[in-house]
Amino acid sequence: MYPLRRNRRLRTSEAIRSLVRETVITPNDFLVPLFVVEGNGIKEEIPSMPNYYRFSLDLLPLEVKTLWALGLKSVLLFVKVPDTLKDNSGTEALNPDGLMQRAIKTVKDAVPEMLVMTDVALDPYSNFGHDGIVANGQIVNDDTNAILAEMSLSHAHAGADFVAPSDMMDGRIFEIRTLLEDEGFHTTGIMSYSAKYASAFYGPFRDALDSAPADLQDIPKDKKTYQMDFANRKEAIKESRMDIEEGADIVMVKPGLAYLDIVRDIREAIDVPIAVYQVSGEYAMLKAAAAKGWLDHDAVMLEQITAIKRAGAHIIASYFAKDIVKLLG
């Protein structure tokens, strides 16, 4: 057929490229992670995540209103808990006046229409930095699930639209969904971290929340006994299907760029929305390379986000959300 068929005709100008573009990024694609701390007047940059901040509750409304004005309609809340409130059973996680519960109410008071999702895991509240109760050198599964369910219920009472269990305990979605149903929270959704890998990309995030596993004798130094082995592929589909059967409304793959094959596999295997978390390590690497002048920050940022959506993501949790939306104009 050559030269009757010339594919380059559809690349000759930005106008035609835009017209035939298969993957388009909009503000509706994003879920914005927000880090919250105790105190007043605090907007502190996270050293390992340049241009990303922790906010105290008094400054959180302004940030939320800014996001809404940019067209960003969904946030995912994380809290940095003082060491004095940490223990091995997540006691503070169930405090109805805890930082997370107050953060939910603060966001909803500032912008009632904002969709609020909340992190459900014990590591921010744990003196061991693990996502579950530690006993006899093990991360205990079923007792942890009971606390995660109560934690989710507490978030629902505070006004959360979705809870987002990020722990990877077996059966926790069933426990959470059952309790929410029993207590009448039929419309509170669950976004499950269904395929969360034991990744080395999480370092800056753990700095942001001071939630790294403790380096103590006789307890696991990492999270490999509950987060997924990054060498595994089919397991991600099994985990996602099980979570959906247990009541998950949205499933998540985490991290993002190194796991796009997993995103595509799950997209082809299931029929619920898929979220992808472009994690702190991915963010920090681009920031560091751009600061050295080795990469064009905005061009690479947009390419990365497009790749994640192209792979099959319906929702992208990304620290680049504000930058992307501003770039798109």
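That block above? That's the structure.
What comes next is a walk through the structure. Since the model is a prediction, treat every value here as computed from it, not as a measurement.

Things to note about the nonpolar core
Part 1: Membership of the largest hydrophobic core comes to 107 residues, with the highest contact counts inside it found for Phe 35, Ile 266 and Tyr 277.
Part 2: For this core, the element with the most residues is helix 4 (residues 142-158), which contributes 7 residues.
Part 3: In contact with Ile 266, not counting residues within four places along its chain, are Ala 195, Ala 236, Ile 237, Ser 240, Val 251, Val 253 and Ile 274.

A few points about a nonpolar patch on the surface
Part 1: On the surface, Leu 10, Leu 19 and Val 20 cluster together into a nonpolar patch covering about 300 Å² of accessible area.
Part 2: With respect to the helices and strands, the residue Val 20 is situated in helix 1 (residues 14-20).
Part 3: The class of Val 20 is partly exposed, set by a relative accessible area of 39%.

A closer look at unusual backbone geometry
Part 1: Residues Lys 254 and Pro 255 are joined by a peptide bond in cis, for which omega reads 0°.
Part 2: With respect to the secondary-structure elements, Pro 255 resides in the loop between strand 10 (250-254) and helix 8 (260-269).
Part 3: The phi angle at Asn 51 is positive, at roughly 70°, despite the residue not being glycine.
Part 4: You can see Asn 51 is positioned in strand 3 (residues 49-56).
Part 5: Among the residues examined, Asn 51 registers a relative accessible area of 40% and is labelled partly exposed.
Part 6: Backbone geometry places Met 168, a non-glycine residue, at a positive phi of 75°.
Part 7: Secondary-structure assignment places Met 168 in the loop between strand 8 (162-165) and helix 5 (172-182).

How each quantity is defined
- Residues numbered from 1 in each chain as written.
- Predicted model: local features only at pLDDT ≥ 70, side-chain atom pairs only at ≥ 80, totals over all residues.
- Heavy atoms only, no water.
- Core = buried A, V, L, I, M, F, W, Y, C linked by side-chain atoms within 4.5 Å.
- Buried < 20%, exposed > 50% of the residue type's maximum accessible area, 1.4 Å probe, protein only.
- Helix = DSSP H or I, 4+ residues; strand = E, 2+ residues; numbered from the N terminus.
- Contact = heavy atoms within 4.5 Å.
- Patch = residues over 30% accessible without salt bridge, like charges linked within 9 Å, V, L, I, M, F, W, Y side chains within 5 Å.
- Areas by Shrake-Rupley, 256 points an atom, 1.4 Å probe, with all protein chains shown as cover.
- Salt bridge = Lys/Arg side-chain N within 4 Å of Asp/Glu carboxyl O.

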